[in-house]
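# Observations on chain architecture
As a plain string of letters, each chain reads:
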Amino acid sequence: MANNKPKVIKDYSKLDKQLQQQIKLIYAEGFADNLIHFFNKTGQKITVLPFETEDKYYMLRMTENEAVALVDEDDDYDDDGFLKDEIKQNYEDKYADLDHVADQIED
């Protein structure tokens, strides 16, 4: 992560569809195993999914249960929690020219 990028804490559901698709492509095997935890200045534990673009570092607020539910309820993922092959290929074709996506895609 580049320290000079602004950090944006946001709910996944409030992102535009294109950013959500890029995140799905990068986290094709689901979100829950990629969550990070930290404590805010008042000592409250915060759980986020990190996502970096060329100009911002997103920290997407979600609990582990929410991360699992998001994937379970999303038709882009199969019953095992993996991004469907045809969806993955579609998103790769759509976003492969974006450096932040190409650099982060899980093989």
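Residues numbered from 1 in each chain as written. Predicted model: local features only at pLDDT ≥ 70, side-chain atom pairs only at ≥ 80, totals over all residues. Heavy atoms only, no water.

## A few points about the environment of histidine 100
What counts, and what does not: Secondary structure elements follow DSSP: runs of H or I no shorter than four residues count as helices, runs of E no shorter than two count as strands, and numbering proceeds from the N terminus. Using a 1.4 Å probe on the protein chains alone, a residue whose accessible area is under 20% of its type maximum counts as buried, one over 50% counts as exposed, and one in between counts as partly exposed. Note on contacts: a residue pair qualifies if any of its non-hydrogen atoms lie within 4.5 Å across the two residues.
Of note, histidine 100 is situated in helix H4 (residues 99-102). Residue histidine 100 is classed as buried on the basis of its relative accessible area of 10%. Linking histidine 100 and phenylalanine 51, residues 49 residues apart in sequence, is a C-alpha distance of 9.2 Å. Each residue touching histidine 100, except ones within four places of it in the same chain, is listed here: Gln22, Ile26, Phe51, Glu52, Thr53 and Glu54.

## As for helix H1 (residues 17-26)
What counts is decided by this rule: Counting of polar contacts relies on pairs of N or O atoms within 3.5 Å, with two restrictions inside protein: one atom must be capable of donating a hydrogen and the other of accepting it, and residues adjacent in sequence are counted only when both atoms are side-chain atoms.
For H1, a buried count of eight out of 10 residues is recorded, marking the element as mostly surrounded by other parts of the structure. Along H1, the positions that sit buried rather than exposed are Leu19, Gln20, Gln21, Gln22, Ile23, Lys24, Leu25 and Ile26. Two or three places before glutamine 18, at the opening of H1, aspartate 16 has a side-chain oxygen 3.1 Å from that residue's backbone nitrogen.

## Topic: the side chain of threonine 47
Looking at the element boundaries, threonine 47 is found in strand S3 (residues 45-52). With a relative accessible area of 16%, threonine 47 lands in the buried category. Within the structure, the side chain of threonine 47 is placed 3.1 Å from the side chain of histidine 37, a separation counted as a polar contact. Excluding anything up to four places from it in sequence, threonine 47 contacts Leu35, Ile36, His37, Leu60, Arg61 and Met62.

## Considering the packing of aromatic side chains
Working definition: an aromatic ring pair is given by the centre-to-centre distance plus the angle between the planes. The line we're drawing: Note on aromatic contacts: the rings of Phe and Tyr and the six-membered ring of Trp form a pair at centre separations within 6.5 Å, being stacked when their planes are under 30 degrees apart, edge-to-face when over 60 apart, and tilted otherwise.
Inspection of every chain in the model, using the stated rule, returns five aromatic pairs. Feature note: the residues Tyr12, Tyr27, Phe31 and Tyr77 constitute an aromatic cluster, connected by ring pairs.

## Topic: the pairing of strand S4 (residues 57-61)
The two faces of a sheet get side chains in turn, since along a regular strand they alternate between them. Test applied: A strand pair is defined by DSSP finding two or more bridges across the two strands.
The buried fraction of S4 is high, at four of five residues. Bridging between strand S1 (residues 7-11) and S4 involves five bridges; their strand directions are parallel. Each residue of the ladder has a partner; that of lysine 10, found in S4, is leucine 60. Of the strand pairs in this sheet, S3 and S4 are connected by five bridges, and their pairing is antiparallel. Looking at the pairing, phenylalanine 51 lines up with tyrosine 58 of S4. Count of turn residues in the S3/S4 antiparallel hairpin: four residues.

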